[in-house]
Amino acid sequence: MVVISEQSRGHNFEKAIEKKRKTKAHVSLQLLETKLQLRNLNPQRENSMKVTDTNLTSMPEFVLLGFSDVPEFQWFLFGIFLVIYMIILLGNGVIILITRVDSALHTPMYFFISNFSFLEICYVSVTLPRMLMDLWTQKGTISFFACATQMCFFLILGATECFLLAVMAYDRYVAICNPLHYPLVMNQKVCIQLVAGSWISGAPVQIGQTIQIFSLPFCKSKKINHFFCDIPPMLKLACGDILVNEMVVYIFAVLFVTVPFMLILGSYSRIISTILKLPSNTGRTKAFSTCSSHLIVVVLFYGSATITYLNTKSNQYEGTDKLLSLFYTILTPMFNPVIYSLRNKDVTDALRKLLPKLSL
């Protein structure tokens, strides 16, 4: 009996050891399976991280071609545009200064003109310094974010200019057609509100439009056939269906360019009809002189901008598009101080008073 019990104990002990071995083997197998699963998951995680890194680092770098088609004139163009930039800064700066210093120019019209001059300095500074740098280095490379930022500020300031020109036309309309009510209608509070509205109104829309344009896939050439990042040349680089984007550009062009232009035409049609009814030739001449300078700026700016933005698909006349862009981005700000000073007796008189003070 003792022998049998010992044998059964030994048999049970062997069974317990065998069971323990099986349990260990099962646990080891589970651990192995878990490790294999983790190994399978880690490559997926690594791949997803690689995709994320690729998305972050694959932002395209654009090249602004500018005037690279005439390499022999690069330095000549650099000198010309540098002189133009200095004229714009100096001329518009002088207008801002004299409208602040001379009390005779503390009127709504010159308040709007000084704001317009400040706007022109900002407007041209978005594009011209970059173009000068590209002409100097002859590289033209611009990052994705720099291009988007340039376009955003350019569109915001362009919309501001459209609104401000319309405000200036309204000011002339009230001054000539309703002269008795002019001090009441165009008081200081109203003038500040009109200027602030001109600066603020276009910003949210143009920021949204910039985001929409730069959300497009740019799978074509990264070479922008322009001297700054503008909507028409950027749309030509986009691939896929861009019909919706083109429709949005047309709608905003109508809202921010055509509508203010029609308001200006309406104002000046009333102004001209009122001027023609004036009894004396002297009154007509004075009224026309105060409006003609504004009309010249309006025609230069709106004419060139309208043709450019309502003709986004044109690949045939890209050289003409650059020339038109030069008008509303560079030449109009340069002509602004000339038009508002040499053609304006009040400004020339204020300038004559200021020059002796500056020389002392």
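Summary of the structure given here. All of these numbers come straight from a predicted model, not from anything done at the bench.

### Section: the state of the cysteines
Here the structure, examined in full by the defined rule, presents one disulfide. Put simply, Cys147 and Cys229 are joined by a disulfide, and their sulfur atoms are 2.0 Å apart. The chirality of the disulfide connecting Cys147 with Cys229 is left-handed, given an S-S dihedral of about -120°. Note that Cys147 is positioned in helix α4 (residues 144-177) and Cys229 in the loop between β3 (223-224) and α8 (231-237), a separation of 82 residues in sequence. A residue is classified by how much of its surface remains accessible, and Cys229, at 0% relative accessible area, is buried.

### Observations concerning unusual backbone geometry
Phi at Gln138 is positive, roughly 55°, even though this residue is not glycine. By the element assignment, Gln138 lies in the loop between α3 (108-137) and β2 (141-142).

### Brief notes about the packing of helix α2 (residues 74-101) against α3
Between α2 and α3, whose axes approach to 9 Å, the crossing angle comes to 160°. When the axis of α2 is compared with that of α3, the two are roughly antiparallel. Our pair here, α2 against α3, has a crossing hand that is left-handed. Grouping the amino acids of the contact of α2 with α3 by side-chain chemistry returns 21 nonpolar, seven polar and two charged.

### Some points on the sheet that holds strand β1 (residues 62-64)
Overall, mixed pairing links the three strands, which are arranged β2-β1-β3 in an open sheet. The sheet is open, and its two borders are formed by β2 and β3, each paired with just one other strand. One ladder, built from two bridges, connects β1 with β3; its direction is parallel. Within β3, the residue paired with Leu64 across the bridge is Ile224.

### Comments concerning α2
Three- or four-residue spacings in an α-helix give side chains the same orientation, since the helix completes a turn every 3.6 residues. If you check α2, its first and last C-alpha atoms are 40 Å apart, about what 28 residues at 1.5 Å a residue would give, namely 40 Å. Taken together, the buried positions of α2 are Gln74, Leu77, Phe78, Phe81, Ile84, Tyr85, Ile88, Gly91, Asn92, Ile95, Ile98 and Thr99.

### Description of a nonpolar patch on the surface
Taken together, the side chains of Leu243, Met247, Ile251, Val254, Leu255, Val259 and Leu263 make up a nonpolar region of the molecular surface, amounting to roughly 610 Å² of accessible area. As for its placement among the helices and strands, Val254 is situated in helix α9 (residues 243-276). Overall, Val254 belongs to the partly exposed group, its relative accessible area being 38%.

### What about helix α6 (residues 188-201)?
If you check α6, its first and last C-alpha atoms are 20 Å apart, about what 14 residues at 1.5 Å a residue would give, namely 20 Å. Listed in full, the buried residues belonging to α6 are Cys191, Val195 and Ser198. All buried residues of α6 project into a common sector of 60° when viewed along the axis, lining one side. Away from the buried face of α6 by more than 90 degrees, exposed residues Lys189 and Ile200 are located. The backbone nitrogen of Lys189 has a side-chain oxygen 3.1 Å away, supplied by the residue at the start of α6, namely Asn187.

### Considering the nonpolar core
Formed by 84 residues in total, the largest nonpolar core has its most connected members in Phe62, Phe81, Leu165, Phe214, Met234 and Ile330. In terms of residues, this core owes the most to one element, α4, which gives 19 residues. Once residues lying within four places of it in the same chain are set aside, the contact partners of Phe81 are Phe67, Leu128, Met131, Leu132, Leu135, Leu326 and Ile330.

### Some thoughts on the environment of Ala166
Position of Ala166 among the secondary structure elements: in helix α4. For the pair Ala166 and Leu265, spaced 99 residues apart in the sequence, the C-alpha separation amounts to 9.3 Å. What Ala166 contacts, discounting residues up to four positions off in sequence, is Pro260 and Ile264.

What counts as what
- Residues numbered from 1 in each chain as written.
- Predicted model: local features only at pLDDT ≥ 70, side-chain atom pairs only at ≥ 80, totals over all residues.
- Heavy atoms only, no water.
- Disulfide = S-S within 2.5 Å.
- Helix = DSSP H or I, 4+ residues; strand = E, 2+ residues; numbered from the N terminus.
- Buried < 20%, exposed > 50% of the residue type's maximum accessible area, 1.4 Å probe, protein only.
- Axes fitted to C-alpha atoms, helices over the stretch in contact; angles between N-to-C directions.
- Parallel < 35°, antiparallel > 145°, perpendicular 65-115°, else oblique.
- Left-handed = near helix turned anticlockwise from the far one by under 90°.
- Nonpolar A, V, L, I, M, F, W, Y, C, P; charged D, E, K, R; others polar.
- Pairing = 2+ DSSP bridges.
- Expected span 1.5 Å × (residues − 1).
- Patch = residues over 30% accessible without salt bridge, like charges linked within 9 Å, V, L, I, M, F, W, Y side chains within 5 Å.
- Areas by Shrake-Rupley, 256 points an atom, 1.4 Å probe, with all protein chains shown as cover.
- Salt bridge = Lys/Arg side-chain N within 4 Å of Asp/Glu carboxyl O.
- Arc of directions from axis to C-beta.
- Polar contact = N/O pair within 3.5 Å; in protein donor to acceptor, adjacent residues only side chain to side chain.
- Core = buried A, V, L, I, M, F, W, Y, C linked by side-chain atoms within 4.5 Å.
- Contact = heavy atoms within 4.5 Å.

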